[in-house]
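Here is what each chain is made of, one letter per residue.
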Amino acid sequence: MTIVDITGSNNNDLNKLFRFEGYHFKHWQQKMMFSLTLRKVAYVLKTNIPVILEDAEKEVKDKMTMKLALWNENDYLCKSFILNGLADDLYDYYSPYKSAKLV
């Protein structure tokens with residue numbers, strides 16, 4: 001049995017980034033947060049970068065190192081998704097920021 005979409009919507013609509021052109025910021029912000037949440041990277045906007053304790057045991061250090069690497073990767077992805085959702089002039093302004101949290 002084949003399911004037909006009679007609404008005319010594209011199944012990839014959730015993957016489409018919402019472009020902020022300088023107006024309707026709250027609307028864009030909510031859509032962007034939803035998109036980042038679906039991609040499982042929104043948490044980096046609300047959490048601090050993990051810290052590796054120098055005096056911790058090796059097993060704990062290894063776990064924290066993996067957690068830090070994952071956080072850094074997700075921060076990069078989150079920042080990239082946000083930047084790609086901005087108009088070109090805003091992209092140029094915010095691209096030098098080091099973290100998604102700062103954008």
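As the structure is a prediction and not an experimental result, all values here were calculated from the model.

## Concerning the overall build of the chain
From N to C terminus, the chain includes three helices and zero strands. The order of helices and strands in the chain, counted from the N terminus, is α-α-α. Here the chain, with 103 residues, has 20% of them falling under the buried criterion. For the chain, restricting intrachain contacts to residue pairs at least 6 apart in sequence, the fraction spanning at least 24 positions comes to 52%. When the accessible area of the chain is evaluated, it comes to approximately 8,200 Å², of which 58% is carbon and sulfur surface.

## Section: helix H2 (residues 58-84)
When the terminal C-alpha atoms of H2 are compared, their 39 Å separation across 27 residues agrees well with the 39 Å that a helix rising 1.5 Å per residue should span. Trp 71, Asn 74, Asp 75, Cys 78, Lys 79, Ile 82 and Leu 83 are the residues of H2 that are buried. Its buried side turned inward, H2 meets helix H1 (25-38) and helix H3 (88-94).

## Some points on unusual backbone geometry
Residues other than glycine seldom take positive phi values, yet His 24 does so here, at roughly 60 degrees. Turning to its location among the elements, His 24 is positioned in the segment before H1. Positive phi, close to 60 degrees, is recorded for Lys 40, a residue that is not glycine. Structurally, the position occupied by Lys 40 is in the loop between H1 and H2.

## Topic: the layout of surface pockets
By volume, the largest pocket is sized at about 300 Å³. Together, 15 residues line the largest pocket, and Phe 25, Trp 28, Gln 29, Ile 82 and Val 103 are the ones closest to its centre. Contributing elements (two or more residues each) for the lining of the largest pocket: H1 and H3. A per-class count over the lining of the largest pocket returns 13 nonpolar, one polar and one charged.

## So, H1
Here H1 spans 20 Å end to end across 14 residues, near enough to the 20 Å set by a 1.5 Å rise per residue. The complete set of buried residues in H1 reads Trp 28, Met 32, Ser 35 and Leu 36. Viewed end-on, H1 has its buried residues packed into an arc of 95 degrees, placing them on one side of the element. Opposite the buried face of H1, by more than 90 degrees, sit the exposed residues Lys 26 and Gln 30. Contacts made by the buried residues of H1 are with H2.

## Here's the deal with the nonpolar core
Counting residues in hydrophobic clusters, the biggest one holds 13 residues, and the most contacted among them are Trp 28, Met 32, Leu 36, Val 44, Cys 78, Ile 82 and Leu 86. Those elements that place two or more of their residues in this core are H1 and H2. With four residues, H2 is the largest single contributor of residues to this core. If near-sequence neighbours (up to four positions away) are discounted, Leu 86 is found in contact with Arg 19, Phe 20, Trp 28, Tyr 91 and Tyr 94.

## Re the side chain of Asp 75
Tracing the sequence through the fold places Asp 75 in helix H2. Beyond its immediate stretch of four places on either side in the chain, Asp 75 contacts Val 44, Lys 98, Ser 99, Ala 100 and Lys 101.

What counts, and where the lines are drawn
- Residues numbered from 1 in each chain as written.
- Predicted model: local features only at pLDDT ≥ 70, side-chain atom pairs only at ≥ 80, totals over all residues.
- Heavy atoms only, no water.
- Helix = DSSP H or I, 4+ residues; strand = E, 2+ residues; numbered from the N terminus.
- Buried < 20%, exposed > 50% of the residue type's maximum accessible area, 1.4 Å probe, protein only.
- Contact = heavy atoms within 4.5 Å.
- Areas by Shrake-Rupley, 256 points an atom, 1.4 Å probe, with all protein chains shown as cover.
- Expected span 1.5 Å × (residues − 1).
- 1 Å grid on protein atoms, 1.4 Å probe; cavity = no way out; pocket = protein on both sides within 12 Å on 5 of 7 lines; lining within 4 Å.
- Points joined across faces, edges and corners; volume = space filled by probe spheres on them.
- Nonpolar A, V, L, I, M, F, W, Y, C, P; charged D, E, K, R; others polar.
- Arc of directions from axis to C-beta.
- Core = buried A, V, L, I, M, F, W, Y, C linked by side-chain atoms within 4.5 Å.

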